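Residues per chain, in single letters:
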Amino acid sequence: SLPDETGNVLEWTGREAGDLLKGSPLERMAYQMVTDVKQGIKEITKLTKTHPNAYYVTEPRLRWAFSLLFSRVVRLTSRNRQLALIPWADMLNHQPDVRSYIDWDDKENAVVFRGDRDYNIGDEVFVSYGPRSSGDLLLTYGFVPSTATDPEIEKVDLRLVLDGYDPYAGVKKAALKQYGLDSAWTFPLQLNRYPAGLIEYASFLSFRPQSDEEVDFYAKQLFGPTERRAIPKEVSQSGRELIKQECFNALSRYRGTVESDRLMLEEQEVISQKSIMSQDKRPAAAAAVRLRERAILRKTRDVIDKTGNVVLDLLRRNPFQDLFNQY
């Protein structure tokens, strides 16, 4: 039978989302998910209002249906990421270190799952829902892995926005558009690597040109053909300083402190569990996500303006070890 609750963000109250996700980029994502579903419910209600069973199509039931859909839909990679609902897949739970996926098999002419390890009789069989960050898992599926077993898949979005008071803002905006970019762009930061284009984009936003021609010149240098790209040291440094400042700003927006989030996880005694379930431990699940996002922002802040061996040393150091210990 289908569950009454999944724990994903559609079941949260507006106050819970605003409180538990305050400062996190997930707050924006949660708002967008809820807004999109509200619009979908409105359209469905409109289309079914003359149906004999329209009385059954209520907002709570539709919201429940969307919640189940989000938490159970599977993307079949070999069929161009086609969406599918697979009833038997409900019996498989996610585990971060598993590398087996549900997919279509042409030879079998069916959806199949093949384990990536040996299981004994009576063992629970796990699947991977994909390389999803803790935040993605919380919003969509309603749980968070209790341990940061694979920090490489964790991410936090950093949004960079062109300064409207920049005297060349209009010219920069036009130049960005020419290369398929907007005046605001979101980059998924990860623990030990920078997303493609981050340094170039930040450098373009932050540098102070002396003419329209200089704007066009640097746009070509930064966003033109890869083999011709070159970032002058002073321009690159201004971009790195912008990223560092935005990391500071992002960290300052979070609810509470790192210490309070760590204390919550200790008090709730969730570390021995494989997952922190949103239905039962929603504040703890959100605290785990905040800790992991902050770790990435702190790492980026500390490394972004360093060069040479200092960068390598910092990149090799894993702040998850300091932040979580066994969490």
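How each quantity is defined
Residues numbered from 1 in each chain as written. Predicted model: local features only at pLDDT ≥ 70, side-chain atom pairs only at ≥ 80, totals over all residues. Heavy atoms only, no water. Helix = DSSP H or I, 4+ residues; strand = E, 2+ residues; numbered from the N terminus. Buried < 20%, exposed > 50% of the residue type's maximum accessible area, 1.4 Å probe, protein only. Areas by Shrake-Rupley, 256 points an atom, 1.4 Å probe, with all protein chains shown as cover. Pairing = 2+ DSSP bridges. Axes fitted to C-alpha atoms, helices over the stretch in contact; angles between N-to-C directions. Parallel < 35°, antiparallel > 145°, perpendicular 65-115°, else oblique. Contact = heavy atoms within 4.5 Å. Nonpolar A, V, L, I, M, F, W, Y, C, P; charged D, E, K, R; others polar. Core = buried A, V, L, I, M, F, W, Y, C linked by side-chain atoms within 4.5 Å. Salt bridge = Lys/Arg side-chain N within 4 Å of Asp/Glu carboxyl O. Expected span 1.5 Å × (residues − 1). Phe/Tyr/Trp six-rings, centres within 6.5 Å; stacked < 30°, edge-to-face > 60°.

1. Focus: the overall build of the protein
Then, number 1: A tally of regular secondary structure across the protein gives 12 helices and 10 strands.
Then, number 2: Here the protein holds 327 residues, and 44% of them are scored as buried.
Then, number 3: Only carbon and sulfur atoms are counted for the fraction: they give 51% of the accessible area of the protein, which is about 18500 Å².

2. Notes on the pairing of strand 5 (residues 110-113)
Then, number 1: Relative to strand 5, strand 4 (residues 102-105) runs antiparallel, the two sharing four bridges. Across the sheet, the residue bridging to W104 is V111, located in strand 5.
Then, number 2: In sequence, strand 4 turns back onto strand 5 through a hairpin of four residues, with N109 there showing a positive phi of about 55°.

3. Details of the packing of helix 6 (residues 198-206) against helix 7 (residues 212-223)
Then, number 1: For the pair helix 6 and helix 7, interaxial distance at closest approach is 10 Å and the crossing angle is 170°. Judged by the angle between their axes, helix 6 and helix 7 are roughly antiparallel. Contacts between helix 6 and helix 7 involve E200, Y201, S203 and F204 on the former and, on the latter, V215, Y218, A219, L222 and F223.
Then, number 2: Looking at the contact of helix 6 with helix 7 residue by residue, the classes come out as seven nonpolar, one polar and one charged.

4. Some points on the nonpolar core
Then, number 1: Core analysis: the largest hydrophobic core is formed by 33 residues, its most contacted members being L158, L160, L189, F204, I243 and L297.
Then, number 2: Counting only elements with at least two residues in this core, the list comes to strand 8 (156-161), helix 5 (169-178), strand 9 (184-189), helix 6, helix 7, helix 8 (233-252) and helix 10 (278-303).
Then, number 3: Broken down by element, the residue count for this core peaks at six residues, all from helix 6.
Then, number 4: Core analysis: the second largest hydrophobic core is formed by 22 residues, V9, A30, L139 and A287 among them.

5. With respect to the pattern of salt bridges
Then, number 1: Applying the stated rule across the entire model yields 16 salt bridges.
Then, number 2: Residue R114 is joined to D105 by a salt bridge in which the shortest nitrogen-to-oxygen separation is 3.1 Å.

6. Let's talk about helix 8
At 3.6 residues per turn, the α-helix brings residues three or four places apart onto the same side.
Then, number 1: With 20 residues, helix 8 extends 29 Å between its outermost C-alpha atoms, agreeing within 8% with the 28 Å of an ideal straight helix rising 1.5 Å per residue.
Then, number 2: Turning to helix 8, its buried residues number three or more, namely V235, S236, S238, G239, I243, E246, C247, A250 and L251.

7. A few points about the side chain of S238
Then, number 1: Structurally, S238 is set in helix 8.
Then, number 2: Assessed through its relative accessible area of 18%, S238 is described here as buried.
Then, number 3: If we ignore the near neighbours within four places in the chain, the residues touching S238 are S203, S206 and F207.

8. A closer look at unusual backbone geometry
Then, number 1: Positive phi is not limited to glycine here, since N80 has a value of about 60°.
Then, number 2: Along the chain, N80 falls in the loop between strand 1 (74-76) and strand 2 (82-84).
Then, number 3: Although it is not a glycine, N109 sits at a positive phi angle of roughly 55°.
Then, number 4: Within the secondary structure, N109 is located in the loop between strand 4 and strand 5.

9. Brief notes about the environment of L222
Then, number 1: You can see L222 is positioned in helix 7.
Then, number 2: In sequence terms L222 and E200 are 22 residues apart; their C-alpha atoms lie 5.5 Å from each other.
Then, number 3: Apart from residues lying up to four places away in sequence, L222 is in contact with E200, S203, F204, R229, A230 and I231.

10. A short note on the packing of aromatic side chains
Then, number 1: Taken as a whole and judged by the stated rule, the model has 10 aromatic pairs.
Then, number 2: Between F66 and F70, the ring centres sit 6.3 Å apart and the planes meet at 65°, which makes this aromatic pair edge-to-face. Highlighted residues: F66 and F70, both in helix 3 (residues 59-72), separated by four residues, approximately one helical turn.
Then, number 3: A relative accessible area of 25% places F70 in the partly exposed class.
Then, number 4: Their ring planes at 50° and their centres at 6.4 Å tell us that Y141 and F143 sit as a pair that is tilted. The same class applies to Y141 as to F143, namely buried.

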